[in-house]
Amino acid sequence: MSHFISERLTTPCSIVSTLDEISRSEDKQRLVLHEYREWHNTLSTAPDEILQECLAKNLVVLVNVPTNRGIETDALCQGVRGFVYERDSSDVLLKMIQAVFAAELWVSRNVMTEFIQRSSRKFRPEPVLTHSQGPAPLTSREMEILNGISSGRSNERIADDLCISLHTVKTHVYHIFKKINVTSRLQAANWSSRYL
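Residues numbered from 1 in each chain as written. Predicted model: local features only at pLDDT ≥ 70, side-chain atom pairs only at ≥ 80, totals over all residues. Heavy atoms only, no water.

Points about helix α10 (residues 166-180)
Operational definition: Only DSSP runs of H or I reaching four residues or more are called helices, and only runs of E reaching two or more are called strands; each is numbered from the N terminus. Expected helix span is computed as 1.5 Å times (number of residues minus one). Pairs of residues are marked as contacts when any of their non-hydrogen atoms sit within 4.5 Å.
With 15 residues, α10 ought to run about 21 Å at 1.5 Å a step, and its terminal C-alpha atoms sit 21 Å apart, in line with that. Contacts made by the buried residues of α10 are with α8 (140-150), α9 (155-162) and α11 (185-195).

Notes on the nonpolar core
Defined as follows: For the purposes of this section, nonpolar cores are sets of buried Ala, Val, Leu, Ile, Met, Phe, Trp, Tyr and Cys residues that join through side-chain atoms within 4.5 Å. Throughout, exposure labels follow a simple rule: accessible area from a 1.4 Å probe, protein chains only, divided by the maximum for the residue type, with under 20% read as buried, over 50% as exposed, and the rest as partly exposed.
In terms of nonpolar packing, the biggest core is built from 17 residues, with W39, V60, L62, V65, I71, V80 and F83 touching the most fellow members. At the level of elements, α3 (36-45), α4 (48-57), β2 (59-65), α5 (72-78), β3 (82-85) and α7 (109-122) are the ones that each hand at least two residues to this core.

Quick word on the pairing of β2
Remark: a regular strand shows side chains that alternate across the two faces of the sheet. Going by this rule: Strands pair, by our definition, only if DSSP identifies at least two bridges between them.
With 6 of 7 residues buried, β2 lies mostly within the body of the structure. The pairing of strand β1 (residues 31-35) with β2 spans 5 bridges and is parallel. Its bridge partner lying in β2, E35 is registered against V63. Pairing of β2 with β3 involves 4 bridges; the strand directions are parallel. Following the sheet pairing, V61 is matched in β3 by G82.

This is the structure:
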């Protein structure tokens, strides 16, 4: 797999046997493709600080995940960025790599919906801000873009759907994040599920 990825994406790729090797490596953010069958073993054997450092510094994706295991929500809570299933083709693997490097999650809509619903149950809802309490409410265009984010669409897909430029979408995303006080697409989707 390492040779295939290196050749197809002209990106250096290496194989390591432990998360500790990744944690000790340079500070550059990496994409870590972690074998699903080893994931539970990693959770039980890796010291928490090594696992947390790896998840914080790197983009971790579980590969060769069997379907219908129901592990995705827990893995997302731990910081995993996506999943490649046993039945997925090599083209899906390459698309996932490009998407995750573009700061997107690689999860199905069903998994994202379950994750957002589970996350929103953990937190007591806060009141929606009004003009007098905080930032200005979202514009109708910002609401359309937030709905796209909540549906798991990329900025490029949102731009295509709304017939606007990618730059315009990025500008709106920046303003949305500022208005609702979030720092990631996942937090924005979670905010949307709680308040809209």
